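What follows is each chain in one-letter form.
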Amino acid sequence: MRSEWIPSMRETVPAVVITTLFLMLTALCIRLRPEHLLMAAIFLILFFAGKPSRKLAVALLPFFIFGISYDWMRIYPNYMVGPVDIKGLYEAEKSLFGLSIGGVTLIPCEYFALHHCKVADFLAGIFYLCWVPVPMAFGLWLYLKGHRSVYLRFALVFLLVNLIGFAGYYIHPAAPPWYAMNYGFDLVLDTPGNVAGLERFDELLGCAVFGSIYGRNANVFAAVPSLHAAYMVVALAYAIINRCKRWLVILFGVIMTGIWWTAVYSGHHYLIDVLLGILCAMSGILFFERVLMNRKVFRRFFERYVHYIGG
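Residues numbered from 1 in each chain as written. Predicted model: local features only at pLDDT ≥ 70, side-chain atom pairs only at ≥ 80, totals over all residues. Heavy atoms only, no water.

**A short note on the UniProt feature "transmembrane region" (unreviewed entry) in the protein chain**
Here is the rule: UniProt positions are given in the numbering used here, feature names are shortened, and annotations may be inferred rather than shown by experiment. To qualify as a helix, a DSSP run of H or I must reach at least 4 residues; to qualify as a strand, a run of E must reach at least 2; elements of each kind are numbered from the N terminus.
The UniProt entry lists residues 12–30, 37–53, 59–76, 126–144, 151–171, 220–240, 247–264 and 270–292 under the feature "transmembrane region" (unreviewed entry), expressed in the numbering used here. Taken end to end, residues 12–30 is 95% helix and 0% strand, and its first and last C-alpha atoms sit 26 Å apart. Along residues 247–264 one finds 100% helix and 0% strand; the C-alpha atoms at either end are 26 Å apart.

**Considerations on a positive patch on the surface**
Where we set the bar: Nonpolar side chains (Val, Leu, Ile, Met, Phe, Trp, Tyr) within 5 Å and like charges within 9 Å form the patches, drawn only from residues with over 30% relative accessible area and no salt bridge. Using a 1.4 Å probe, accessible areas were evaluated by the Shrake-Rupley method; residue-level cover was limited to the displayed protein chains. Counted as salt bridges are all cases of a side-chain nitrogen of Lys or Arg within 4 Å of a carboxyl oxygen of Asp or Glu. Under the counting rule used here, the positive set is Lys and Arg, the negative set is Asp and Glu, and His together with the chain ends is not counted. Taken as the charge centre is NZ of Lys, CZ of Arg, CG of Asp or CD of Glu, depending on the residue.
Together, R10, K296, R300 and R304 line one region of the surface with positive charge. Here the element with the most residues in the positive patch is helix α16 (residues 296–310); it accounts for three residues.

**What about the packing of helix α5 (residues 87–97) against helix α15 (residues 271–291)?**
Under the convention used in this document: Helix axes are fitted to C-alpha atoms over the stretch in contact, other axes to C-alpha atoms as well, and angles between N-to-C directions run from 0 to 180 degrees. Reported orientations rely on four angle classes, namely roughly parallel under 35 degrees, roughly antiparallel over 145, roughly perpendicular from 65 to 115, and oblique for the rest. By definition, residues are in contact when any of their heavy atoms lie within 4.5 Å. Basically, the charged four are Asp, Glu, Lys and Arg, the nonpolar ten are Ala, Val, Leu, Ile, Met, Phe, Trp, Tyr, Cys and Pro, and anything else, Gly included, counts as polar.
The contact between α5 and α15 brings their axes to 9 Å, and the two run at 90°. For the element pair α5 / α15, the angle class is roughly perpendicular. Counting all contacts with α5, which are made through L89, A92, E93, L96 and F97, the residues of α15 involved are L271, I272, D273 and L275. Of the residues belonging to the contact of α5 with α15, the class tally is seven nonpolar, no polar and two charged.

**Observations regarding the side chain of N78**
Note the threshold: Think of it in three bands: residues with accessible area under 20% of the maximum for their type are buried, residues over 50% are exposed, and the middle band is partly exposed, with areas taken using a 1.4 Å probe on protein chains only. Polar contact is the term for a pair of N or O atoms within 3.5 Å; when the atoms are in protein, one must be able to donate a hydrogen and the other to accept it, and sequence-neighboring residues count only if both atoms are side-chain atoms.
Within the fold, N78 resides in the loop between α4 (61–71) and α5. Residue classification places N78 among the buried positions, given a relative accessible area of 0%. At 2.7 Å, the side chain of N78 forms a polar contact with the backbone oxygen of Y169. Within polar-contact distance, the side chain of N78 engages the backbone oxygen of F221 at 2.6 Å. Setting aside residues up to four positions removed in sequence, N78 forms contacts with Y169, Y170, P173, N219, F221 and A222.

Spelled out as structure tokens, the structure:
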């Protein structure tokens with residue numbers, strides 16, 4: 001009799017086939033990097049280590065798909081789909097949120113590039129480092145505490161918001177403010193990723209924390225909407241839905257607001273990007289909860305998913 005700790009062939013075949021296809025397609029279309037092999041190894045180790053870890057591997061699939069989707073945008077960059085908005089977004093930001101300093105109108109990012117301090121630089125770096133780790137840690141906490149239904153709603157909404165955001169990148173390719181501030185309005189397609197104002201945090205620490213992150217940026221011209229602004233909105237929403245302790249809700253609110261501020265302070269996003277990122281998150285939550293969860297087919301899929309990872 002097969003032990004429940006050993007996956008069935010019905011479980012094993014899809015897991016192995018999908019992982020193999022992922023590695024093959026990535027090698028063919030992009031180029032395999034160590035992180036691809038690490039991701040595949042983590043999934044397979046969790047899947048075959050035993051029943052509890054197998055359920056965790058399946059539960060983490062929305063986050064694996066998020067990482068793969070972002071990376072695969074390298075295959076067909078958004079700037080190949082349509083013109084990149086550089087000047088229009090800059091002028092819109094100046095018109096809506098410009099600051100008049102000494103008779104010159106500056107966008108908020110330009111103002112912060114001239115007016116910054118070490119305390120703000122340090123806090124900005126800390127807030128921006130919370131971007132993905134805090135939502136993922138929150139999701140893992142929900143899972144380990146046994147709130148499997150809320151966990152899955154959160155994880156699927158997190159994935160959905162990313163897919164909406166990625167679609168926005170292709171609908172409206174746009175340069176971040178640091179690009180306009182450094183390069184003007186001419187399009188330079190091979191522009192490398194830039195740490196912008198976060199370089200000051202790296203200098204404070206004496207190591208390239210953000211330099212290593214932005215050196216791997218999949219696409220410089222993917223500023224609208226700001227997914228940095230979106231992630232903690234999703235985490236905060238499901239912390240409230242799950243009736244988490246008040247201190248955690250307040251902490252998430254502070255981190256969320258701090259990331260919004262950092263996005264502009266560091267020159268990585270316009271205020272317009274941030275507002276559209278917030279809208280992206282709210283749209284994803286509402287669409288999932290009010291539309292998808294009211295569809296019988298999706299509801300059935302959701303309930304089976306919850307049963308698998310929670311049973």
